[in-house]
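Commentary on secondary and tertiary structure
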Amino acid sequence: MQTVGILILIFAACLIAFSVQGCRYSKPAGNSNTDPVVTVQQVDSMSRAQIERMLQTLQQQKAPKPTMGAMCYDMAGPPPTADYVCPVCGQKTVYSTDTSFIAWELDGCRREFEQMTKIGDLKMALDESSFCAQCSLNATRHELVLNITYSDGTTHSAGGIHRSDLRMLTYFFKGSLSFKGLQDGTKPLKDQIPRLRELLGVEASAAKDKP
Amino acid sequence: MSDRRLAVSFLPGTAVLEMTYACNHKCLFCSCPWENPDSGFVRQAELTTDEWIETISTLCRMGVTRLAFTGGEPLLRPDIFEIIHHAAHCSVEHIETVKGRLESHQGPPLLYLLSNGTAVNETILLACKEYDVQLSMSLPGLRTYARHTGVESADHILRMFTLAKSMGMVTVVNSTVTRINLFELADTLSAALLAGAEQVLLNRFLPGGRGMFHADELSLDIPQIQQMLDTAEATLEKAGRFGSVGTEIPKCIADISRYKRLQVGTRCSAAIQYFVVGPSGRVRVCNHSPVQLNHVREIESLQSNEYWNRFVFKKYMPSVCSDCRDFTACDGGCREAAHVVTGSTCGLDPALLQAGPLGVLHDRPSSTAAS
């Protein structure tokens, strides 16, 4: 009987020892894979200060690099590569340089050009062909070109077109003395005469330009 | 390789694959066009497993390098991971810029799964981890979760964020912001980030789908959109995390230069950066669009499709925006939301319908950040 009692005690002691061992290695309460760390009820009962402290603790942990997901909008910053889809042949060309011009400004140029053609009487076309690797296979330089055909049949081409050029022309055709820049503020068109001459292919007359 | 090269095809780099019309939620804000019987959207037979596999193979051959699985609820398809398995074993050419030159390398497409989270469990998470799928789960509120989704509690979603994090996964919390849940946006995002989500994708409510019938109670006005952005920015700042807004905002509504943690876009990228293959295989320019174009079997024909090209070449600005100083740097908000509400892709973004474009009619919100 005494032996049985001792055996029972030893057995109980073993059970206690194993359970203590188990406790040492078990996950703390509330930290199992199925127990939520955060619940709606917990958030509901927390004060702003408590949440703020927790967020500040989170801030100490390294954040993963932002990844691009399936978003509806274009990324805000200039992309490392830019895609150009040709309005003539429909093919896509991928670029590693001039990506902000291709991704952002080119659309703007098209819109400015469309606005400009509503005002000016000149026959004009915006030539994008050098951007297309299909249409201009051997182009060494890609730039927007403004082609003008005058009523007498003569033509003029101006390269390196940017949005600001087309905006200046729009205001020029309106007969305005100044134009709205791409940022806030207006600028006198008078200061842009040399560029306007380049764009329109109108040489300076020696008599007029004399000081 | 030089600084430019002809792409494999005209297709955008990201394809959003709507795996099914079915969903286990009944979200008030749901913009899936098939949830609005008045939209003219016609449901057709869903693609079979083999058809999806063939579609994915075709898209990968045509240069698509990112695949986003969504729906409806994609996890309701019993074959979803059979399809994802196939996608994960495709090989695509990833092109990137290295020191100013284009370089390419072969590899599997980048994979994303956008789920409402209710069907997510440990097995699903393990599968996402195995196939390197970035998981995004929807959390449109805490106290208002049930009202928005028809599902009782958000606790399960929070639990899944925690479990995913414990498995070493980076997850995204996708929160649609409405007038009803705006008051708790800070708590919603905080809860998700504290539970383990690492990034935030914010979507302002835009009428469409089922949401058309709840537009009055859900739509955000301009000050509320600004509050949404400021709240998200502040929460991300506190948490040291980053996020983005999933739909473009008209530039006259928000001074985007003030947001350092939250990426806010002002231009539409439908048919440019991404496009959608619907549950029956019909292509659309974006998820919000009710206009079904060619079937994906005839995807090459999209090149000559007028509606598709309207988005590729951005021929969709509201005429009233033409005097705005940002006319050439902004797309006037969501074009398809404008289309759904006004009947025209050249209509005003729903947020501007009452106020009018601020650049023309009102003073702009003041900027407090350095430019």
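Just so we're clear, the structure is a prediction, and the values are computed from it rather than from any experiment. (Residues numbered from 1 in each chain as written. Chains lettered and ligands numbered in written order. Predicted model: local features only at pLDDT ≥ 70, side-chain atom pairs only at ≥ 80, totals over all residues. Heavy atoms only, no water.)

**Regarding the overall build of chain B**
In terms of regular secondary structure, chain B is built from twelve helices and 13 strands. What you see for chain B is a C-alpha radius of gyration of 20 Å, in line with the 21 Å of a compact globule of 371 residues. Each principal axis of the C-alpha atoms in chain B carries an extent, and together these give about 55 × 50 × 45 Å. In chain B, buried positions account for 65% of the 371 residues. For chain B, long-range pairs separated by at least 24 residues make up 70% of all intrachain contacts whose partners lie at least 6 apart in sequence. Just so you have it, chain B exposes about 13300 Å², and 50% of that area is on carbon and sulfur atoms. (Helix = DSSP H or I, 4+ residues; strand = E, 2+ residues; numbered from the N terminus. Rg over C-alpha atoms; globule rule 2.2 N^0.38 Å. Buried < 20%, exposed > 50% of the residue type's maximum accessible area, 1.4 Å probe, protein only. Contact = heavy atoms within 4.5 Å. Areas by Shrake-Rupley, 256 points an atom, 1.4 Å probe, with all protein chains shown as cover.)

**Points about the sheet that holds strand E4 (residues 145–149) of chain A**
All names here are of chain A. A sheet is described by the order of its strands in space; here three strands give the open sequence E3-E4-E5, paired in antiparallel fashion. If you trace the sheet from one side to the other, it starts and ends with strand E3 (123–127) and strand E5 (155–158), each paired once. Going from strand to strand, the sheet's axes swing by 20° on average, the running direction of each strand aside. Against the sheet, helix H6 (residues 193–200) makes contact with E4 and E5, and its axis sits at roughly 125° relative to E5, the strand it touches most. (Pairing = 2+ DSSP bridges. Axes fitted to C-alpha atoms, helices over the stretch in contact; angles between N-to-C directions.)

**Some remarks on the packing of aromatic side chains**
Pairs of aromatic rings are described using the distance from one ring centre to the other and the angle between the two planes. The full count for this structure, using the stated rule, is twelve aromatic pairs over all chains. In this structure, Lys174(A) packs its charged tip against the face of Tyr171(A), placed 4.5 Å from the ring centre. Directly above the ring of Phe242(B) sits Arg261(B), whose terminal nitrogen or CZ lies 4.6 Å from the centroid. (Phe/Tyr/Trp six-rings, centres within 6.5 Å; stacked < 30°, edge-to-face > 60°. Lys NZ or Arg CZ within 6 Å of the ring centre and 35° of its normal.)

**With respect to helix H1 (residues 49–61) of chain B**
Residues and elements named next belong to chain B. A rise of 1.5 Å per residue sets the reference length of H1, with its 13 residues, at 18 Å; its end C-alpha atoms lie 18 Å apart and thus fit the reference within 8%. For H1, every residue scored as buried is listed here: Thr49, Trp52, Ile53, Thr55, Ile56, Ser57, Thr58, Leu59 and Cys60. Two residues or fewer past H1, glycine 63 is found with a positive phi of approximately 95°. (Expected span 1.5 Å × (residues − 1).)

**Quick word on helix H3 (residues 122–130) of chain B**
Residue and element names in this part refer to chain B. By the burial criterion, the buried members of H3 are Ile124, Leu125, Ala127 and Cys128. End-on, the buried residues of H3 take up no more than an arc of 160°, which puts them together on one face. Residues of H3 that are exposed and angled more than 90 degrees away from the buried face: Thr123 and Glu130. Structurally, H3 contributes buried residues whose contacts are with helix H2 (80–88), strand E6 (110–115), strand E7 (133–138) and helix H5 (155–166). By the N-cap criterion, in which a side-chain oxygen at the helix start approaches the backbone nitrogen of a residue two or three places on, H3 is capped by asparagine 121, the distance to threonine 123 being 3.0 Å. Two residues or fewer after H3 comes aspartate 132, characterised by a positive phi angle close to 55°. (Arc of directions from axis to C-beta. Polar contact = N/O pair within 3.5 Å; in protein donor to acceptor, adjacent residues only side chain to side chain.)

**Structural notes on the pairing of strand E5 (residues 101–107) of chain B**
Residue and element names in this part refer to chain B. In terms of strand pairing, strand E4 (residues 92–98) meets E5 through seven bridges, oriented antiparallel. For valine 92, the partnering residue across the bridge sits in E5 and is glycine 107. Here E4 hands over to E5 after two residues, with lysine 99 in that stretch at a positive phi of 50°.

**Description of the interface of chain B and chain A**
Contacts between the two partners involve 79 residues from chain B and, on the opposite side, 68 residues from chain A. Between chain B and chain A lies a buried interface of about 6100 Å² when both sides are counted; carbon and sulfur atoms form 54% of it. The largest share of the area that chain B buries against chain A comes from Arg4(B), Leu194(B) and Thr328(B), three residues that together contribute 13% of it. The salt bridge partner of Asp331(B) is Arg111(A), with a shortest N-O separation of 2.7 Å. Where chain B meets chain A, there are 17 residue pairs in polar contact (both at pLDDT 80 or more). Looking at the side of chain B that touches chain A, the element that brings in the most residues is H5(B), giving seven residues. (Buried area = accessible area lost by both parts, 1.4 Å probe. Salt bridge = Lys/Arg side-chain N within 4 Å of Asp/Glu carboxyl O.)

**Overview of the pattern of salt bridges**
For the structure shown, the criterion picks out 25 salt bridges over all chains. Two residues, Arg195(A) and Asp165(A), come together in a salt bridge whose shortest N-O distance is 2.9 Å. Here Arg195(A) is found in helix H6, whereas its partner Asp165(A) is found in helix H5 (residues 163–174), with 30 residues between them in sequence. For Arg195(A), a relative accessible area of 21% puts it in the partly exposed group. Here Glu198(B) ties to Arg241(B) by a salt bridge, and the two come within 2.8 Å at their closest N and O atoms. With Glu198(B) in the loop between helix H6 (185–195) and strand E9 (199–204) and Arg241(B) in the loop between helix H8 (222–239) and strand E10 (242–245), this pair connects stretches of sequence that are 43 residues apart. For the residue pair Glu198(B) and Arg241(B), the accessibility class agrees, reading buried in each case. In this structure, a network of salt bridges that share partners links the residues Asp107(A), Arg110(A) and Glu128(A).

**Section: the sheet that holds strand E1 (residues 82–85) of chain A**
The three strands are arranged E1(A)-E2(A)-E1(B) in an open sheet whose pairing can be described as antiparallel. Here the strands that pair on one side only, and so sit at the sheet edges, are E1 of chain A together with strand E1 (4–6) of chain B. Taking the axes of each pair of neighbouring strands and ignoring which way they run, one obtains an average angle of 25° across the sheet. The pairing of E1(A) with strand E2 (residues 92–95) of chain A spans four bridges and is classified as antiparallel. Its bridge partner being in E2(A), Ala82(A) is matched across the sheet by Tyr95(A).

**Notes on the pairing of E5(A)**
Across a regular strand the side chains alternate sides, sitting on one face of the sheet and then on the other. Residues and elements named next belong to chain A. Pairing between E4 and E5: four bridges, direction antiparallel. Bridge assignment links asparagine 147 to a residue of E5, and that residue is serine 157. The turn linking E4 back onto E5 is made up of five residues, and glycine 153 within it adopts a positive phi angle of 90°.

**Details of the confidence of the model for chain A**
Residue and element names in this part refer to chain A. Chain-level statistics for chain A give a pLDDT mean of 77 and a share of 70% at 70 or above. Per-residue pLDDT, averaged within each element of chain A, yields its smallest value for helix H1 (residues 2–25) (53) and its largest for E2 (96). Low pLDDT, under 50, characterises residues 17–34; the stretch is placed with six contacts to residues that sit more than four places away or in other chains. Confidence drops under pLDDT 50 across residues 206–211; counting only partners more than four residues distant or on other chains, this segment forms two contacts. (pLDDT = per-residue confidence, 0-100.)

**Thoughts on a negative patch on the surface**
Residues and elements named next belong to chain B. Judged by side-chain charge, Asp50, Glu51, Glu54 and Glu82 come together as a negatively charged surface patch. At three residues, H1 tops the list of elements feeding residues into the negative patch. Assignment of secondary structure puts aspartate 50 in helix H1. Residue aspartate 50 is classed as exposed on the basis of its relative accessible area, which comes to 59%. (Patch = residues over 30% accessible without salt bridge, like charges linked within 9 Å, V, L, I, M, F, W, Y side chains within 5 Å. Lys, Arg positive; Asp, Glu negative; His and termini not counted. Charge placed at Lys NZ, Arg CZ, Asp CG, Glu CD.)

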